[in-house]
Amino acid sequence: MSSDKTEDWFAQIKKEGIEFARLKDKTYKITEFNGELPPGSKIWPIEPSGNPQLIIENSSDQVKEDQPKNIKNLEVDFLENFGGKAFYKPFWGQLTYQPLDNSRTKVTYQGNENVFNSDYLGCWLEPSRIHKCSSEFPNSGRNYFPNATAVVYSRVLEVLDGKNLIVDFAYNGENSSAPSAISDEDGIFFFDNKFALESWSKSGRRKDALFAESGKVYGVLGMPKIEVSKDSKINFIGPKEGEAPAIHCMWSDAFNGDLHGRGLEAAGSFIETFGDNGTLFHLPNSGRVDINFEWQFIPPTYTQKVVQYGSPTGTIFSDPSNHSSQFGLKRFCNLDQFRIREEMKKSLGFVRPGVSFGMPNQGYCNGGGRHNGKEITDFCIYRFEGDWMSKNPNNMKARTSGGLRVEWIGHSKEKPGKFIEMESLKPSRFDDLEMRMVSQNRVEVSSSFFTWYHLASQEWTGGTSTSSELTHLIIDGKKIGLNTNGDFWLIYGENDLTGRGFTASEINLFDKLPKRGDTIRQNLQDISKNNLIGKPSERVIEVWGFALQNGDKLNFNGQTYTVEKTERKWKTWSQFSEQYTSPKPDWNRTDRRITYTEVTLDKGIPQTLSEIEFTVNHSTLEPLLDGKYRKGCSALWDLGNNSAGHLMYTDYNVNLVMENVETHGLIRSTSRPLYAETSKPLSGSVSSIPVGSLGSDIWKKGHQLQLVDPENGVVQEVELIDSFNGNAGNVLVKPVNLTHTFPEKSILVALYSLPSEAKFENTFFVEENGEPSYSQRIDYRPQGLRIRQIITGDNKYRLKIKGGRISWYSNLDNRFEPEIELSEFPHLVNPTSVVPVLLNPVFIDGKGARFGFQRKEDGKDEIFISSRVVARNRAKLDLQNSVLGSDLTLEGNGEFLIDNLKSGNFIINGQTQNYGYNLKFQERFIKTKDLTVKGKNGKAGIMIDSPFKVGDFKLQLEKWELFPGIFNAGGFQTKQDRQHPDYEKFVKIERA
């Protein structure tokens, strides 16, 4: 080795990879290095530079297998040169925590060897859940989740010896009233690399790649903020072999709620402890951005299970601009999400309660991609590879652009990736709680795992939660509603925060628990005492502000009335104010609701509402007012598993590709503006086109749009001579002679707003635990694909389903429902909450599909998922070689080919029965005028379930086995008139 100077330079070559050159104070030109490098390779630090940078060149055709090929010819940085340190030391079940005073704890290693040294000084510690947090709101200081038993971070103040050190937080051993030592606990000591990552990302001298050795883990206290400039590249890479380098995001049990549970600003202590950032990559709204993340992002160890607010999820990518033109490939690998959880399990033999490791949201965006005024020229691609298990995995939308592409790519066809909505982290009910009534309308909870912050949500405490009630309590078996802001704000004023009296442990109920002697009446002078708000009939009254229960007794006018039935209902503020002669102006709002109890009495009351004044004689809930705690209480969010967040919340414009993945959860979609309909017929020479609202101002001067008559497939291009504001009006175009008469409700559309691909290849529905699922929903309707198909005449713009176990339903009311292309024999199952309908499906390989699913098994819910295929516009549909997993219904107008279609056998407790399923024909969505079904060599029961007019329905089956089906023991049933003289002319079945 030769150099200008060598005394301050060193390099180390490792078999599994390369630890590159380190320089102390200066940069040196190294002309050659004869170490263990691949043949022909050379290393030079690049001059001038204050940080060592390297280029690896290879001039030889021979490359060693252990060379990290992904950095060949790539300039790389090292986080250590920007202040980073891969100091990450986990201990599983080996630590004792002994509080010393009100601000310090001694941490002792329980093993025999010495482990602590000066490297630990100043590092952070993530313990296990060893601290019962204060009920006080954490406005400042170290962040904690109020009143919960949770993780709280601390920092090493002093290393006493090889087995003992002191940290700057007083852990109480899960006992806030009598702090004590706690043993056999965990702890991860780490250096906070958040600022090093941010420093690297902002450096004007940074290279495109950040390299780290295999197995290195960089802890970060909170989410690092990497601000990406336009026209830039970022690569997180490591050696090809071994564990990928990792970033472990440390915000276990972090609390980012606000004081009143509104989901607004984060607690001050959250910002002090973790920073104010929640997104890893902040993207520009223009330019080319290429990101390749091959490190492993390890999510937080513990997460408080909240309905919606209070626990940070974080996001990987963010580009919130409504009109982003940012493009390029953003690739993020997630191949080892549960690495640390598996280490814990291997060391302890179990996984501690509360451990989650749920990934952040993949990202938030509103568009992307670049166009030339006519068509997309460059896509913005977000590609996620491997797995993604998160309570809210994806929130990427494209409001007006067809240039956004989201890809979920699994490991392989043999090892599908798991893209899972972790409903286990999204509770809808909290049981085994202890509660007591502090007063008639104030309740306190005591629990190690629940506070009122856990229940906080948009539908209860959120800043715009003014709709009807969706949360309630169960105390001593009695249901008590938790009203929304709509009730509190009507009495206390807009945005009031005092009425609810929200804390971690106590809240005010809107409805008081009645007690003997309470008065319930209409009071139009004091709205806070206006408790009778309606009387639909003599036996039915509407009570607001009192939690009446079945069996309660009310006295009035010398008689006792017993409550026989109660039901929670809602009214708008406007409906509520109808009882007032001159209501306040803001009471007339129709977008605000109050929740009341409709009470049915055992006998009628002839008096008017204003004459009624009840006195409570007996209250079922009054015993709860003794101030004692009750065990076995519950707090519930009534939407169940539909809690905040979905597997994906996208929209119709997004290009969506899934390959080799298992998915669980709802893919929800929003319709965005794609086109404007013409408001009158157009023909001849035109210079303006009258249209309805587009809802967006994306059409600019010089853009080339498509004028389309969809029903006749006629298209003509026009060019704008002025920008269009998106409202109903005239679109000004260069004068053009129309070659066709375009009828009213033709459409004007930009190709750059239309998606060009939607594909589900080897996509399998599963439960969260990985078991097969037969009922998930894809509510993604890329109507722009169909419009693009009409404009181009190209069938490659169909939505594609290749293999897998998946559901699809066609919305027959959509004007541009995409055509569905199927191949590789997919298993079509239930789209939850909607009818499983396929409109004009195209099977391109003749393999058909497996339709539906049936299960009847002791100890499990019975499942019977039928399917339906609709032929419209005289389509010719090929269902040959399909298999019935349950009943399949065909309807519409067109032709079905069903050669070799066969029914499976009904199965009960694993035993095959001697009957199967039916092929049915029925009118439901479309009136049948001309439907033909032809098939041979098939096996299924036949049921003609509608009395079709003879001749309108034609059935021709050859060599067909009429296999007995459910409720069809003979294998054939019909509701047609079999006595009609022409019946056998149109229904012909030749038995096998």
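Residues numbered from 1 in each chain as written. Predicted model: local features only at pLDDT ≥ 70, side-chain atom pairs only at ≥ 80, totals over all residues. Heavy atoms only, no water.

Student: Describe in detail the overall build of the protein, supporting the description with residues and values.
Tutor: If you tally the helices and strands in the protein, you get 8 helices and 77 strands. Counting the 992 residues in the protein, one finds 57% classified as buried. When contacts within the protein are restricted to residue pairs at least 6 apart in sequence, long-range pairs at least 24 apart make up 72% of them. Taken as a whole, the protein presents about 40,100 Å² of accessible surface, with 43% of it coming from carbon and sulfur. Side chains of the protein carry 120 positive and 127 negative charges; the gap between the two charge centres is 3 Å. (Helix = DSSP H or I, 4+ residues; strand = E, 2+ residues; numbered from the N terminus. Buried < 20%, exposed > 50% of the residue type's maximum accessible area, 1.4 Å probe, protein only. Contact = heavy atoms within 4.5 Å. Areas by Shrake-Rupley, 256 points an atom, 1.4 Å probe, with all protein chains shown as cover. Lys, Arg positive; Asp, Glu negative; His and termini not counted. Charge placed at Lys NZ, Arg CZ, Asp CG, Glu CD.)

Student: An account of the pairing of strand E48 (residues 655–664) is needed here, citing residue identities and associated values.
Tutor: A regular strand places its side chains on the two faces of the sheet in alternate fashion. The buried fraction of E48 amounts to 9 of the 10 residues, a majority that puts the element mostly inside the structure. Two strands pair when backbone bridges link them, and strand E32 (residues 404–409) and E48 are joined in this way by 5 bridges, in the parallel orientation. What sits directly across from Val406, in E48, is Leu656. Summarising the sheet, strand E33 (residues 417–421) and E48 pair through 4 bridges and their orientation is parallel. Bridge assignment links Phe419 to a residue of E48, and that residue is Thr663. Two strands pair when backbone bridges link them, and E48 and strand E56 (residues 758–765) are joined in this way by 7 bridges, in the parallel orientation. Looking across to E56, one finds that Thr663 is bridged to Phe765. (Pairing = 2+ DSSP bridges.)

Student: Can you break down the nonpolar core residue by residue, with the values?
Tutor: Residues Phe236, Phe281 and Phe332 are the most contacted members of the largest nonpolar core, which totals 127 residues. Residue contacts for Phe332: discarding those within four places in its chain leaves Leu280, Phe281, Phe293, Phe297, Ile316, Phe317, Met359, Arg383, Phe384, Glu385 and Trp388. Counting 58 residues, the second largest nonpolar core, distinct from the first, contains Tyr120, Phe189, Trp460 and Phe502. (Core = buried A, V, L, I, M, F, W, Y, C linked by side-chain atoms within 4.5 Å.)

Student: Outline the confidence of the model for the protein, listing residues and values.
Tutor: Chain-level pLDDT for the protein is 91 on average; 92% of the residues reach the 70-or-more range. Scored below 50 in pLDDT, residues 1–73 shows 125 contacts in the model against residues more than four places distant or in partner chains. (pLDDT = per-residue confidence, 0-100.)

Student: Break down the sheet that holds strand E24 (residues 315–319) for me, with residues and values.
Tutor: The strand order E18-E21-E24-E26-E31 describes an open sheet built from 5 strands, whose pairing is parallel. The strands lining the two open edges of the sheet, one partner per strand, are strand E18 (226–227) and strand E31 (395–396). Pairing analysis gives 3 bridges linking strand E21 (residues 279–282) to E24, with the strands arranged parallel. Bridge pairing links Thr279 to Thr315 in E24.

Student: Account for the pattern of salt bridges, naming residues and giving values.
Tutor: Taken as a whole and judged by the stated rule, the model has 57 salt bridges. With its nearest N and O atoms 2.9 Å apart, the salt bridge here joins Arg331 to Glu294. A residue pair is termed long-range when its members are at least 10 positions apart, and Arg331 in strand E25 (residues 328–334) and Glu294 in the loop between strand E22 (289–293) and strand E23 (296–298) qualify at 37 residues. For Arg331, a relative accessible area of 18% puts it in the buried group. A relative accessible area of 24% places Glu294 in the partly exposed class. Linked through salt bridges whose partners overlap, the residues forming this network are Arg383, Arg405, Glu407 and Glu757. (Salt bridge = Lys/Arg side-chain N within 4 Å of Asp/Glu carboxyl O.)

Student: Hey, could you go over helix H5 (residues 485–492) for me, with residue numbers and the actual values?
Tutor: The α-helix advances 3.6 residues per turn, and as a result positions three or four apart in sequence lie on the same side. The buried fraction of H5 is high, at 6 of 8 residues. Among the residues of H5, those classed as buried are Asn485, Gly486, Asp487, Phe488, Trp489 and Leu490. At its buried positions, H5 is contacted by strand E38 (506–508), helix H6 (573–576) and strand E44 (593–601). Of the residues flanking the end of H5, it is Gly493, one or two places downstream, whose phi is positive at about 105°.

Student: Can you lay out the side chain of Asn172 for me, pointing to particular residues and giving the numbers?
Tutor: Within the secondary structure, Asn172 sits in the loop between strand E14 (164–167) and strand E15 (182–190). Setting aside its immediate chain neighbours within four residues, Asn172 contacts Ile130, His131, Lys132, Ala178, Pro179 and Ser180.

Student: Just give me the short version of the sheet that holds E23, but keep the residues and values in it.
Tutor: Ordered in space as E17-E20-E23, the 3 strands form an open sheet in which the pairing is parallel. Strands with a single pairing partner mark the edges of an open sheet, and in this sheet they are strand E17 (217–221) and E23. Across this sheet, the average inter-strand angle for adjacent strands is 20°, counted without regard to direction. As paired strands, strand E20 (residues 246–250) and E23 are joined by 3 bridges and run parallel to one another. Paired with His248 across the bridge in E23 is Ile298. Along the sheet, helix H3 (residues 339–348) makes contact with E17, E20 and E23, crossing E23 at roughly 65°. (Axes fitted to C-alpha atoms, helices over the stretch in contact; angles between N-to-C directions.)

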